[in-house]
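A look at the structure
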Amino acid sequence: MLAIEVTFLTGRFVATNPSDRNAAEWPPAPARLFSAMVAAWASEEARDTDEADALRWLEQQPAPAIAASMASERRVVTHYVPVNDVAVVRSHGDKALQIEELLRAAGPKAAMKVAKLREVSRLVTPVGATSTQSAVELLPEQRPRQPRTYPSVTPIDPVVTYIWDVDLPEGIATALDRLLGRVHRVGHSSSMVSARLTGRPGTATWMPAADGETRLRWVRAGQFDALERLYLEHQASRPRSLPSSAVRYRPVCGLDHSPAVSADVPARWTVLEVGTSQRRPSILQVAALTQAFRNALLANLPPDAPESATGHAPDGTPSRSPHAGFLALPWVGEHGAGTVLGLALAAPDRSTEDVLLDAMARWFAASAGRPEVVAGRAGRWGVRSASQATALTLRPERWAATATTWVTAVPLALPRHPGDLRASDPTMRARAWDRAEAGVIECCRHIGLPDPVQVTVDRQPMVVGARPASQYPALRQTGRDGRPVARVLVHAQVKFAAPVRGPVILGAGRFLGLGLMVPLYDNWEGEHG
Amino acid sequence: MNSLDLQTLSEAVAGGAVAIRSRLRLHPAGGPGDKVMPATYGVEDRAPHKYADEDRIVGGERRKTVLLSSVAAGANQLELALREAWESGDLALPILAVDFSNADGLEDLDRITVLDAPHRAADAILRDSLLDGTLFRLSDVGLAVTNSRPGSAAGLFHYSPTSLLFGMWDSTGPKGGLGAKFERAITSEIVGLDAEIGVRVGSRIDPLAIEKKSAVLYEHVDPAQGWTLDEAEAAKDEKGKPKLYERSGGEGEKGTPSKANHGNIAPTIDRRAGGVTISEAVEITVLSLAALRKLRFPVDHTGAPLPAEARRDAETAARTALAALGLAAMVLRHEFDYDLRSRCLLVPVEPRRFELLRRDGSEPEQISIDRNGVIELVRQASEASARAGLPWATRDLTLTPAPKLVELVRLSRDRLARLES
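As a starting point, this report considers the structure included with it. Owing to the predicted nature of the structure, the values given are computational and were not obtained by experimental measurement.

1. Remarks on the environment of A:Ser319
Residues and elements named next belong to chain A. Looking at where Ser319 falls in the secondary structure, it is placed in the loop between helix 10 (307–310) and strand 17 (325–330). When the C-alpha atoms of Ser319 and Ser308 are compared, they prove to be 7.7 Å apart, with 11 residues separating the residues in sequence. Sequence-distant contacts of Ser319, that is, excluding residues within four places in its chain, are made with Glu307, Gly311, His312 and Ala313. Among the polar contacts made by the side chain of Ser319, one reaches the side chain of Glu307 at a distance of 2.6 Å. Polar side-chain contacts of Ser319 include one of 3.1 Å to the backbone nitrogen of Ser321.

2. Re the packing of aromatic side chains
One pair of aromatic rings is described through two measures. These are the centre distance and the angle between the planes. All names here are of chain A. Summed over all chains, the structure comprises 11 aromatic pairs over all chains. Ring centres 5.3 Å apart and planes at 75 degrees place the aromatic pair Trp363 and Phe364 in the edge-to-face group. These aromatic residues form a ring-pair network of at least three members: Phe293, Phe326, Trp363 and Phe364. Over the face of the ring belonging to Trp41 we find Arg47, whose NZ or CZ atom lies 5.0 Å from the ring centre.

3. What to know about the interface of chain B and chain A
How big an interface is tends to be stated in terms of the accessible area lost upon association of its parts. Taken together, the 86 residues of chain B in the interface contact 85 residues of chain A. Of all residues in chain B, B:Leu138, B:Arg359 and B:Lys404 bury the most surface against chain A, accounting for 11% of the area lost on that side. For the pair chain B and chain A, the number of links is 10 salt bridges. Between A:Arg12 and B:Glu189 there is a salt bridge whose closest N-O contact spans 3.9 Å. At the boundary of chain B with chain A, the tally comes to 36 residue pairs in polar contact (both at pLDDT 80 or more). A per-element tally of the side of chain B that touches chain A places helix 10 (residues 403–420) of chain B first, with 9 residues.

4. A short note on the nonpolar core
In terms of nonpolar packing, the biggest core is built from 109 residues, with B:Phe100 and B:Leu327 touching the most fellow members. The element best represented in this core is helix 8 (residues 308–335) of chain B, accounting for 13 residues. Excluding residues that lie within four positions of it along the chain, B:Leu327 makes contacts with B:Leu4, B:Leu9, B:Ile20, B:Leu287, B:Phe354, B:Val374 and B:Leu377. Counting residues in each nonpolar core, the second largest holds 79 residues, with A:Ile283, A:Ala409, A:Leu516 and A:Val518 among its members.

5. Topic: the sheet that holds strand 6 (residues 71–73) of chain A
Residue and element names in this part refer to chain A. Strand order in the open sheet formed by 3 strands is 2-9-6, and the pairing between neighbours is antiparallel. Every interior strand has two partners, whereas the edge strands, strand 2 (13–14) and strand 6, have only one. Where strand 2 and strand 9 (residues 152–155) come together, 2 bridges link them in antiparallel fashion. The residue of strand 9 that forms the bridge with Val14 is Ser152.

6. Let's talk about the side chain of A:Thr154
Among the structural elements, A:Thr154 can be located in strand 9. By relative accessible area, A:Thr154 is classed as buried at 9%. In terms of polar contacts, A:Thr154 uses its side chain to reach the side chain of B:Glu54, at 2.5 Å. What A:Thr154 contacts, discounting residues up to four positions off in sequence, is A:Gly11, A:Arg12, A:Met70, A:Ala71, A:Ser72, B:Glu54 and B:Arg56.

7. Brief notes about the environment of B:Ala329
Residue and element names in this part refer to chain B. Within the element layout of this structure, Ala329 appears in helix 8. Distance in space between the C-alpha atoms of Ala329 and Gln77 is 8.7 Å, their sequence separation being 252 residues. Dropping the residues within four chain positions of it, Ala329 is found in contact with Leu78, Ala81 and Leu82.

8. Section: the environment of A:Glu51
Residues and elements named next belong to chain A. Counting through the fold element by element, Glu51 comes out in helix 2 (residues 49–60). Accessibility expressed as a relative area gives 2% for Glu51, which makes it buried. Along the backbone, Glu51 and Thr174 are 123 residues apart, and their C-alpha atoms lie at a distance of 8.7 Å. Look past the residues within four positions of Glu51 in its chain and what remains in contact with it is Trp41, Ala175, Arg178, Leu179 and Arg182.

9. Comments concerning the pairing of strand 4 (residues 20–24) of chain A
Working note: regular strand, side chains alternate between the two faces of the sheet. All names here are of chain A. As judged from the 2 bridges shared by strand 3 (residues 16–17) and strand 4, these two strands associate in the antiparallel manner. Pairing of Thr16 across the sheet is with Ala24, part of strand 4. Following strand 3, the chain reverses through 2 residues before pairing antiparallel with strand 4.

Parameters and conventions
- Residues numbered from 1 in each chain as written.
- Chains lettered and ligands numbered in written order.
- Predicted model: local features only at pLDDT ≥ 70, side-chain atom pairs only at ≥ 80, totals over all residues.
- Heavy atoms only, no water.
- Helix = DSSP H or I, 4+ residues; strand = E, 2+ residues; numbered from the N terminus.
- Contact = heavy atoms within 4.5 Å.
- Polar contact = N/O pair within 3.5 Å; in protein donor to acceptor, adjacent residues only side chain to side chain.
- Phe/Tyr/Trp six-rings, centres within 6.5 Å; stacked < 30°, edge-to-face > 60°.
- Lys NZ or Arg CZ within 6 Å of the ring centre and 35° of its normal.
- Buried area = accessible area lost by both parts, 1.4 Å probe.
- Salt bridge = Lys/Arg side-chain N within 4 Å of Asp/Glu carboxyl O.
- Core = buried A, V, L, I, M, F, W, Y, C linked by side-chain atoms within 4.5 Å.
- Buried < 20%, exposed > 50% of the residue type's maximum accessible area, 1.4 Å probe, protein only.
- Pairing = 2+ DSSP bridges.

Everything listed here is a matter of coordinates, which is why it stays silent on function.
Listed below in structure tokens is the structure:
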């Protein structure tokens, strides 16, 4: 086992997320450690071959597991940094180079030439066309400034350990530790560190995983040579883009956190893929799709099917006990296209699931092997089993993950009308939004979740791929008094004090897939269970 | 606790320690819970305030912190402390400075030193000034600065050691983009704890959980400060009672936290920079000895190679001198009030302590050093370095501003004066 321990001496890690200039990175990408070790190797005059071998060995290893605590993020603000390219005197670098050469040459002739080159009264006295502004800007107080951001985080524990479950060849350990002794920072120059090999790595909290949402850079074989080659070009000064490979990471449930709360929603999912890779339904068609899906299954239920499968009480009114839900699974999140990739049957228990799966089998059989959901104006869409699917969206664990922050992929239907969210009177509008927020909290309570500590409600989507609530067709349901009512749809983001295990589906339309929530992993929340 | 001596510092620099760290607790000058003005930054329009805040988890609890002094500001304060000691003659070290005292009409600019110039020895203002009768970068001193790099740092060490300590990137010098880049060896930040910012963050549910009853906001007697939690600072009505904070058009009852969040922006008050109250502040400074160990000295400042057997000791001595300077900056800074900006005066509540951090994970060693001790340490360290072949320059390093620069600034000032009259 190889474990490298990095201690952040200032208690902070300062680095820009490679995919978002205004976001921080956590945990620190292992590629940064590798780069720091290569820089440490290169800073020695006599480059050590053992150390080079060690680096070439390390780059061949798979991405490490990482033991890192949660970290809080400092609000990213814009700092204004003084520039250095103001001038009143014409650039004279070429003169400097000539003088250097002459000084090396030495001798009286060279000395005379040097003296001549150093005669600069023509450069420094006449004002010429130079603006007064350039002059004033040279003064430190008046120096123009450029915006810069320094995203940074504070981990609860300043120690981060990178862990490789590999056999460590002889000699490699010593060389690696020597290198680590010379690593003085990871990330920005103010992220000062102390690094070393350790025999006690602690428990990993992040693991490489194909379904991970967090991307961190690691390296590939050949990285060391590539960095060396590139250094000759950029000399640590020019802007550069270093080779790396992005590895998906997933947080691992830790043992030292309280068990996650589960929402009271049907959690036995059977997923079907809908459409083809060439053609998928739009996320706006969720309700039409799920209703068609439900109808297809209900049509194949036996007459004595239980309430938990049909969703209706014997008298035809909507069931008040736990019953099956029919969901559409949209592709949202990183690079999300906002198309529906799958449909999910969500059963509250095993027996209901069995009944509905039988219905599904009958439906498939009756369709001569090409079952379709016929969703009216939303079109006809072929479905098939998704058990072999690799897309993250079609995997139940994506929706049943554990997180403290959840956001609507599909807007939720408020159980009560909040008032006019678009009222021109600001007081009325504010009240409507307050009621909408209260409605979201109520929805959380309704499915057995604790009250969130933070709620954001908006008609605009809050995750890539989702669509504004206003673009969805109206959801009409039968109200309490038996009259039809159009539900108000809103997007919401909720943050809980403790991690919640999904799936999380909120609101009046949750049995038809409205209000389906997706976990939002702030890296620094480090969803560890 | 041991007092730091040159031997101990030298061993630490030679490889015994990774860094020297100092954590210092401070209170607002008015006591814990007093209001301070943190640094403000550029934020997007809908941001509730202009501060760099952070919700930390400390011991399982959420504590809001706010940045009071950034790394860049911290460096400026450390440099200022060194400058004062240099000017008073307590510290002898090479300081390049552009002297405006003989420039007619610009005497008020006095001297702009490397400790004042944003980019240190590589700064544009030195580049456009004159030394030894020629432009700075064409002089021997300037050439030595230009040609310094981490692999061969003697020139910069000789003429501007503080540039090595605080970091420097000569991106606009004669070598253009390939100019020398030295990483900082010291970093310092001040953070305020348990910050209560007057404006609510994000959603309607207040993550600070300022309950309606628990926080009564009064109108501050000074309109520029907006609100206050302290009755004593509140403006009084005709009956002498403290006035509740009120913004017209805002929701909520007078004096409740929600009142501070809504409504129109009054012309004299920056709604988003009304200050915060904190329980205390913490300054963390780290002097990285590992960073200093990256500096190499194959030749001295004249370009003469150091004899092989002496080189290692000379390098340690030079790095030790830089470390001593760093410690001096930290100790001397303590002497000043932490007057970070208007209405942000902090006071240390304890003497400064240092920890020697080793790589082996052992308990940090606590060391102490006072003002006289650190000044003596710098003197001893620089003398040791000189004896080893790497001295600090003792010649005068005063530059004169280019006549062109003086003329243009004067013109600009005349113009302004005429406009105003």
